[in-house]
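The residues making up each chain are set out below.
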Amino acid sequence: MHKLTNKLENKLANELATAFSTIRDHTGTLAQPLSAEDCCVQSMPDASPAKWHLAHTTWFFETFILEQFETGFRPFHPAFRVLFNSYYEGVGEQHPRAQRGLMTRPSLAEVQAYRQNVDQRLLALLGQTLAPDQMQQLTALVELGLQHEQQHQELLLTDIKHLLSMNPLQPPYLAWDVMTEETGAAAAAAATALQWQPFEAGIVEIGHAGNGFFFDNETPRHRQFVEPFSMASRLVSKGEYLAFVEAGGYQNPLLWLAAGWDWVQQQKLTRPLYWQAAHAQFDSAWREFTLHGLQPLALHEAVTHISFFEAEAYARWAGARLPTEAEWELAAAAQISDSAVDYFGIAWQWTTSSYAPYPGYVALPGAVGEYNGKFMVNQYVLRGSSSATPEGHARLSYRNFFPATARWQFSGIRLARS
Ligand SMILES: [Fe+2]
């Protein structure tokens with residue numbers, strides 16, 4: 001019996017070690033097209049330099065795992081505990097977020113060495129024999145660290161897109177041909193006629209169910225009452241959103257929430273982030289900055305980089321509204337077997353649901369309890385996943401969240417109506 005348990009544990013540890021190497025290597029692959037200069041600069045306080053992402057994801061494994069489980073633990077560098085702590089008060093001091101781009105030291109090469117060092121030590125730890133409860137704690141934390149790494153993989157892409165968009169050369173992150181698979185999927189999703197799929201009123205269950213990884217904020221699974229509603233069969237396209245722009249959507253206060261209108265006025269907004277206006281002198285066509293450089297606006301693709309305020313105003317203009325999380329989860333669950341639907345893999349979808357704890361929510365114990373719970377204020381939930389979300393990271397119950405003005409993520413619009 002004891003031998004059998006050992007074998008099972010070894011198998012699990014081996015699988016975890018493989019997943020660890022694959023996911024950590026993928027982060028390296030994403031940073032591959034970037035120069036050391038690209039990796040150092042921070043384009044705005046919300047975004048982080050690529051070098052910081054590479055270091056902070058490593059810091060997570062070093063601080064939450066090696067420090068607790070490694071015999072004779074010594075930090076790779078004593079200053080990194082503060083430098084690469086994002087927001088964990090339980091760990092201690094943090095380097096100011098808006099000053100992450102000033103770190104010309106440590107160099108990119110030193111950060112790469114930090115990654116290698118922590119990878120080796122963590123893999124060694126996974127190869128050791130530990131007491132069952134220790135092993136269970138270790139594997140749960142490694143899994144959390146890997147999901148965390150995947151979240152930062154998406155942020156690395158959205159942050160680098162924002163940085164490159166501000167470069168006068170408008171450089172591509174990747175050549176067009178590498179990205180065609182993603183753009184192809186987005187095009188197919190938004191090119192079809194929009195249909196309204198009806199759902200009956202009833203008590204529905206939402207939240208995480210079954211096996212597999214989940215974040216604490218997806219639990220407990222609980223009941224909600226949903227009135228009858230219809231959900232759009234596909235995401236709003238860039239062509240449809242362009243009609244809103246050209247109809248003066250950004251100039252009409254009646255379409256906006258008060259705080260949204262203040263924001264539009266203050267920021268002098270007239271179009272989505274990364275769109276460049278038609279210029280009669282040029283060729284009168286709209287363009288957009290993408291991860292493969294400046295491109296003609298792809299009208300049939302799903303619109304992305306839309307804030308909650310913009311999504312909400314567009315929905316009002318279109319005679320519809322944004323869905324609630326419960327409506328979204330119900331509709332997505334009904335569609336999940338149909339591979340043609342675009343609930344996942346193209347654009348995160350704003351809901352009208354505030355990011356709040358589910359009834360009975362309990363944060364993870366210990367320092368990692370700061371992961372989700374303390375951000376449950378002044379943000380809205382987004383559902384689904386985007387073209388920048390790593391393979392295997394999306395789930396039906398996944399709750400992403402951002403403030404109402406955030407638009408540097410691949411966030412789009414799915415309409416609902418009552
Ligand atoms: Fe993080």
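Our subject is the structure listed above.
Residues numbered from 1 in each chain as written. Predicted model: local features only at pLDDT ≥ 70, side-chain atom pairs only at ≥ 80, totals over all residues. Heavy atoms only, no water.

S.K.: An account of the overall build of the protein chain is requested, with residue identities and associated values reported.
M.R.: Of the regular secondary structure elements, the protein chain holds 11 helices and 12 strands. For 418 residues, the compact-globule formula gives about 22 Å, and the C-alpha radius of gyration of the protein chain, at 22 Å, lands near that figure. Counting the 418 residues in the protein chain, one finds 51% classified as buried. Of all intrachain contacts in the protein chain linking residues separated by at least 6 positions in sequence, the fraction that spans at least 24 positions is 78%. Total accessible area on the protein chain stands at roughly 19400 Å², and carbon and sulfur atoms take up 56% of it. Computed over 29 positive and 41 negative side-chain charges, the inter-centroid distance for the protein chain is 2 Å. (Helix = DSSP H or I, 4+ residues; strand = E, 2+ residues; numbered from the N terminus. Rg over C-alpha atoms; globule rule 2.2 N^0.38 Å. Buried < 20%, exposed > 50% of the residue type's maximum accessible area, 1.4 Å probe, protein only. Contact = heavy atoms within 4.5 Å. Areas by Shrake-Rupley, 256 points an atom, 1.4 Å probe, with all protein chains shown as cover. Lys, Arg positive; Asp, Glu negative; His and termini not counted. Charge placed at Lys NZ, Arg CZ, Asp CG, Glu CD.)

S.K.: Tell me about the pattern of salt bridges, residues and numbers included.
M.R.: Scanning the model with the defined rule gives 19 salt bridges in all. Note that Arg 24 and Asp 119 form a salt bridge whose closest N and O atoms lie 2.7 Å from each other. Pair noted here: Arg 24 is in helix 1 (residues 2-31) and Asp 119 is in helix 5 (residues 108-126), with a separation of 95 residues, a long-range link. Its relative accessible area of 3% is what places Arg 24 among the buried residues. A residue is classified by how much of its surface remains accessible, and Asp 119, at 16% relative accessible area, is buried. As a salt-bridge pair, Lys 238 and Glu 288 come within 2.9 Å of each other at their nearest N and O atoms. Within this pair, whereas Lys 238 is found in helix 8 (residues 238-246), its partner Glu 288 is found in strand 6 (residues 287-290), the two being separated by 50 residues in sequence. Here Lys 238 matches Glu 288 in class, with each residue buried. Through salt bridges with shared partners, a single ionic network connects Arg 24, Arg 115, Asp 119 and Glu 149. (Salt bridge = Lys/Arg side-chain N within 4 Å of Asp/Glu carboxyl O.)

S.K.: Could you give me a rundown of the coordination of the iron ion, with the residues and numbers involved?
M.R.: Looking at the iron ion, one finds its protein donor set to be His 56 (NE2), His 148 (NE2) and His 152 (NE2), positioned 2.2 Å from the metal centre. Mapped onto the sequence, the donors of the iron ion take the spacing H-x91-H-x3-H. With His 56 in helix 3 (residues 50-69) and His 152 in helix 6 (residues 132-165), this residue pair connects regions lying 96 residues apart in the sequence. Looking at His 56, the relative accessible area reads 1%, which means it is buried. Among the residues examined, His 152 registers a relative accessible area of 10% and is labelled buried. (Donors = N, O, S within 2.8 Å, 3.2 Å for Na, K, Ca; no water.)

Any functional reading would require information beyond the geometric quantities listed.
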